[in-house]
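Here are the chains, one letter per residue:
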Amino acid sequence: MATSSNPYANIGFEDFRRMAQDSSLSKYEKIGFPDSYRASHEHAIFADICGKLTNLRQTRRAVLDIGPGCSDLPVMLLDLCGRQGHEVHLMDSAEMLALLPDGQGVAKHAALFPNCPDFVQANQGRFDVVLCYSVLHYILVDTAFFRFLDTSLSLLAPGGQMLIGDIPNVSKRKRFFSSETGTRFHQAFMQTADLPEVHHHRIEHDQIDDAVVMALVQRARAAGFDAYVVPQDAALPMANRREDILITRP
């Protein structure tokens, strides 16, 4: 395929716990990204998130961010929630949460979701917003997709919205690199005249593909929720090979 190797492939919760404490890493590297993928893009990413999670524009809502990390993105969320009077809950490792600011109306939960039964039991049906951004592919390492989804949906209040964002879909990636646009992107990025190597019918083990994305959408719908695969804004750094799932509770 048409990119450089990814040093953050197949890492999980314990790896991020260690990375959070590594002073040699930037705040973007601590969450699994080269600086070039996030440093000048997070305001656009947050605007895209807010455009989908419209409940954030309301006031005095309950918000849960699963795996916020420690970049500017959760800080922007905390700032917005403070202005709107939201109650916000952050769930990540203690080491990662320690890198985020405290504040009134902010609760930090050091846990690996969904392995937090007390929290889940205490918060059934109460969140108006659940955000899980750039995390689903790491959930593959640590837990089961459907258990993650089912537990998340149990936390949504009537009218609640959940965004599973920035999903690296290998099927979408293959479609992109099979196109003329994708070929030019690959050649410019890799500084080569070679064509990208794409194998459409090859199973990519331990990767999210269309089958996984559609299965999550179907499972949410079968549970009584509305669910949609939605594109990212074209200006985002990986919009050509990543997408989001938006789920709402009627």
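Data block above holds the structure.
Rules behind the numbers
Residues numbered from 1 in each chain as written. Predicted model: local features only at pLDDT ≥ 70, side-chain atom pairs only at ≥ 80, totals over all residues. Heavy atoms only, no water. Helix = DSSP H or I, 4+ residues; strand = E, 2+ residues; numbered from the N terminus. Rg over C-alpha atoms; globule rule 2.2 N^0.38 Å. Buried < 20%, exposed > 50% of the residue type's maximum accessible area, 1.4 Å probe, protein only. Axes fitted to C-alpha atoms, helices over the stretch in contact; angles between N-to-C directions. Parallel < 35°, antiparallel > 145°, perpendicular 65-115°, else oblique. Left-handed = near helix turned anticlockwise from the far one by under 90°. Contact = heavy atoms within 4.5 Å. Nonpolar A, V, L, I, M, F, W, Y, C, P; charged D, E, K, R; others polar. Phe/Tyr/Trp six-rings, centres within 6.5 Å; stacked < 30°, edge-to-face > 60°. Lys NZ or Arg CZ within 6 Å of the ring centre and 35° of its normal. 1 Å grid on protein atoms, 1.4 Å probe; cavity = no way out; pocket = protein on both sides within 12 Å on 5 of 7 lines; lining within 4 Å. Points joined across faces, edges and corners; volume = space filled by probe spheres on them. Arc of directions from axis to C-beta. Core = buried A, V, L, I, M, F, W, Y, C linked by side-chain atoms within 4.5 Å.

1. Focus: the overall build of the protein
Looking only at helices and strands, the protein has 11 helices and seven strands in total. Taken against the 2.2 N^0.38 rule, which gives 18 Å for 250 residues, the C-alpha radius of gyration of the protein at 18 Å falls within 12% of a compact globule. Along the first, second and third principal axes, the C-alpha set of the protein runs to 55 × 45 × 30 Å. Each of the 250 residues in the protein was classed as buried or not, and the buried ones make up 48%.

2. Focus on the packing of helix H3 (residues 42-52) against helix H4 (residues 72-84)
The N-to-C vectors of H3 and H4 enclose an angle of 50 degrees; their axes lie 9 Å apart at closest approach. Taken as axis vectors, H3 and H4 run oblique relative to one another. With respect to the hand of their crossing, H3 and H4 are arranged in right-handed fashion. Judged by residue contacts, Glu42, His43, Ile45, Phe46, Ile49 and Cys50 of H3 engage Asp72, Leu73, Met76, Leu77 and Leu80 from H4. Considering only residue class, the contact of H3 with H4 consists of eight nonpolar, one polar and two charged.

3. What to know about the packing of aromatic side chains
With the rule as written, the count across this model stands at four aromatic pairs. The interplanar angle of 75 degrees and the centroid separation of 4.7 Å between the aromatic rings of Phe16 and Tyr138 together place this pair among those described as edge-to-face. Highlighted residues: Phe16 in helix H1 (residues 13-20) and Tyr138 in helix H7 (residues 136-142), separated in sequence by 122 residues. An identical accessibility class is assigned to Phe16 and Tyr138; each is buried. The ring of Phe127 has Arg126 lying over it, and the distance from NZ or CZ to the ring centre is 5.3 Å.

4. Quick look at empty space enclosed by the protein
Here the structure, examined in full by the defined rule, presents two cavities of 30 Å³ or more. In this structure, the largest cavity encloses a volume near 430 Å³. Looking at the lining of the largest cavity, the elements that each hand over two or more residues are H1, H3, strand E1 (62-66), H4, strand E2 (87-92), strand E4 (127-133) and H7. When grouped by side-chain class, the residues that make up the lining of the largest cavity number 21 nonpolar, five polar and four charged. Within this model, the second largest cavity holds a volume of roughly 50 Å³. Contributing to the lining of the second largest cavity are Tyr37, Arg38, Ile45, Tyr133, Asp166, Gln232, Leu236, Pro237 and Met238.

5. Some words on H1
Along H1, the residues that are buried comprise Phe13, Phe16, Met19 and Ala20. All buried residues of H1 project into a common sector of 120 degrees when viewed along the axis, lining one side.

6. A few points about the side chain of Thr248
Within the secondary structure, Thr248 sits in strand E7 (residues 242-248). You can call Thr248 buried: its relative accessible area is 18%. In contact with Thr248, other than residues within four places in its own chain, are Gly160, Gln161, Phe225 and Asp226.

7. Re the nonpolar core
Here is a general trend for soluble globular proteins: nonpolar side chains tend to be buried in one another's company. Leu136, Phe148, Met162, Ile164 and Ile247 are the most contacted members of the largest nonpolar core, which has 33 residues in total. Where this core is concerned, the elements lending two or more residues are E1, helix H6 (117-122), E4, H7, helix H8 (145-154), strand E5 (156-168), helix H11 (210-222) and E7. Residues within four places of Ile247 in sequence aside, it is in contact with Leu149, Leu153, Leu156, Gly160, Gln161, Met162, Ile164, Ala220, Phe225, Asp226 and Ala227. Counting 25 residues, the second largest nonpolar core, distinct from the first, contains Leu53, Met76, Leu80 and Leu163.

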